Every structure is written in structure tokens, then in C-alpha cells.
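Chain residues, written in single-letter form:
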Amino acid sequence: MEAKIKKWRSPSLGKDMELAVYGESGTPVIGIPTRGATCKQWEEFGMTDSISYQLENGFNQLFVLSSIDDEALLNENASPEQRVIRQQQYESYIVEEVVPYIKDQNSIKFIIIGGVDFGGYHAVTTALKYPEVFGKSIGISGIYDIRPYMDDYYDDDVYYSNPMDFVPNLNKKSLLDKVQDIDFRLVSYEGDKRIDDAVRMDKVMRMKFLDHDLDIWSDGGDEWKLWPQMLKTHII
């Protein structure tokens, strides 16, 4: 399926950002690629093909973003403080720019957000922080603890960007009720170097009685063969 590329100057990020749109109607899905990848990655590696039936038949409309992880949490040329601030700017780009754009294109209010690798971090963390915006969050081989990327630096911005830290302290009932409404999927596989993050995030969410599914596939091997199957399984 051919993508429609949409580009605008992002006020949140201070740069031009592109996203790829697949499908004309259906429940909107925000797709976030692996670290540093562009909005065409999902098409190039079979993710869009895996849900082609849903896209071609109007069940889902897919909006794939470009990553800026190499400017944010993975930017070794920036200070840890600058890295986490850039991460927060990307979060603002998703919530304050991408979501309103989707709402202009699609009347369905239920939005799915999903991602792979660091994209999984963005998908789960953003949904946890903005539960009123999203109905479902899919983290595939996600990373849910950013402290290893902070060079021992820690402040409030790191805390509120790190779900392993802030979720245990979610105590406000009104917020917990909104988070409880989200369908969270934590997906990994045996041999995945990120599997510990999924298992730890599962424990944190269970501790707060947050409904979610932890799905560990027994299959190993090429992750780019597994990830499209995982997306297809959990998009429904």
C-alpha cells in the first residue's frame, strides 16, 4: 500500500517532521519505529504489510511517525538533561501535533498507539501520561527504563519520563481510572534482549492493579519476522 507523506514544521521540535499515512478510514493507529528510524521503516520492514487487510478494508488507518531518539535519549553528544528535555519535546509533538492532525483526518475518537524497541517506550509511556487521549497501547520489544541512558543523572524530568519510576506512585484515583481504561499490551519474545523490561513493567503494572496483557512469544530468531506478526496479533 502506498503511503501519503505529510510534512510540517513542528513547533514542539523546531524542525520539519514527516509522517506516513496508510489507509483512508478506520480506527487510527499511531506507529512509532525503532530508534532513529524514519516514517518509512514500517513499510520497508513489513509492518504495514502485516496489517494490509485492516488498512485496505477500512478497519484501521495507520500514521507512522519518524523517530528522533538519536537527538534525545541516545544522543551522547548532549547532556543527560538535554536528552530528556528533547524526549519531552517529542512527547509534545505526538500529543499536541500528531493527535490533533489525526482528529482532523479521522472522526473515530479511539486512538491506538504502538511502537517497537524505543518506539515501544514512546507508545506505553505516552499513553500512561495522557490516558485521556489513547484507547490502546502496544509496546513491542519495548524499553521501559531510561535510566541506563542517563549517565547516572536524575531529576524530576527523568522521573516523569521513566514509567518504571512514576507508575508505582500513581495514586490519584481519577488518573488511575483513566489509565485503567487503556488496553495495554506488553509484547516480547524468548531471547529478546529487552524482555526484562517487559517483565519488570508487567510487575509494576500488576502492583497498581492496571489491566494489561504480557505476551511473551516462544519463537526466537529474526525480530523483523516476529514484530510484524506481533503487530497483526495485537492490533485487533
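Treat the numbers as computed from the prediction; the structure is a model and nothing was measured.

J.: Where do I start with the side chain of S137 in this structure?
T.: Here S137 shows up in strand β6 (residues 136-140). A polar atom in the side chain of S137 sits 3.0 Å from the backbone oxygen of A123.

J.: Explanation requested: the sheet that holds strand β3 (residues 27-32) in the structure shown.
T.: Backbone hydrogen bonds are what pair the strands of a sheet, in a parallel or an antiparallel way. Taking strand neighbours across the sheet as the criterion, the eight strands line up as β1-β2-β4-β3-β5-β6-β7-β8 in an open arrangement whose pairing is mixed. Lying at the two open borders of the sheet, with one neighbouring strand each, are β1 (4-10) and β8 (212-217). Each strand axis lies, on average, 20 degrees off the axis of its neighbour in the sheet, ignoring direction. With seven bridges joining them, β1 and strand β2 (residues 15-22) adopt antiparallel strand pairing. If you follow I5 over to β2, its bridge partner there is A20. Each of β3, β5 (112-116), β6 and β7 (183-189) is contacted by helix α5 (residues 118-129), which is oriented at about 150 degrees to β5, the strand it contacts most.

J.: I'm lost on the pattern of salt bridges in this one. Help?
T.: Overall, the coordinates contain 18 salt bridges when judged by the stated rule. Where R200 meets D145, a salt bridge forms, and the shortest distance between an N and an O atom there is 3.1 Å. Residue R200 is located in helix α9 (residues 195-207), and its partner D145 is located in the loop between β6 and α6 (156-161); the two are separated by 55 residues in the primary sequence. Using a relative accessible area of 35% as the deciding quantity, one classes R200 as partly exposed. Among the ionic pairs, R206 bridges to D202, the shortest N-O distance being 3.2 Å. In this pair, R206 and D202 both sit in helix α9, four residues apart, roughly one turn of the helix. Residue classification places R206 among the partly exposed positions, given a relative accessible area of 48%. For D202, a relative accessible area of 9% gives the class buried. Through salt bridges with shared partners, a single ionic network connects R35, D117, D192, R194 and E223.

Reading the values: rules and limits
Think of each chain on its own: its residues are numbered from 1, step by step along the sequence as written. With the structure being a predicted model, the display of local features is reserved for residues of pLDDT at least 70 and the display and counting of side-chain atom pairs for 80 or more, all residues being used for whole-chain, interface and lining totals. No hydrogens and no water enter the side-chain calculation; it runs on all heavy atoms of the structure. Each helix is a run of H or I in the DSSP string that is no shorter than four residues. Each strand is a run of E no shorter than two, and both are numbered from the N terminus. Throughout this description, a polar contact denotes any pair of N or O atoms lying within 3.5 Å of each other; where both atoms belong to protein, one of them has to be capable of donating a hydrogen while the other can accept it, and for residues adjacent in sequence the pair is counted only when both atoms sit in side chains. Between any two strands, pairing holds if DSSP finds at least two bridges. The axes used here are C-alpha line fits, helices contributing only the stretch in contact, and every angle between their N-to-C directions lies in the interval 0 to 180 degrees. Contact definition: two residues touch when any of their heavy atoms are within 4.5 Å. Throughout this description, the term salt bridge denotes a Lys or Arg side-chain nitrogen within 4 Å of a carboxyl oxygen of Asp or Glu. Working definition: with a 1.4 Å probe on protein chains only, accessible area under 20% of the residue-type maximum means buried, over 50% means exposed, and in between means partly exposed.

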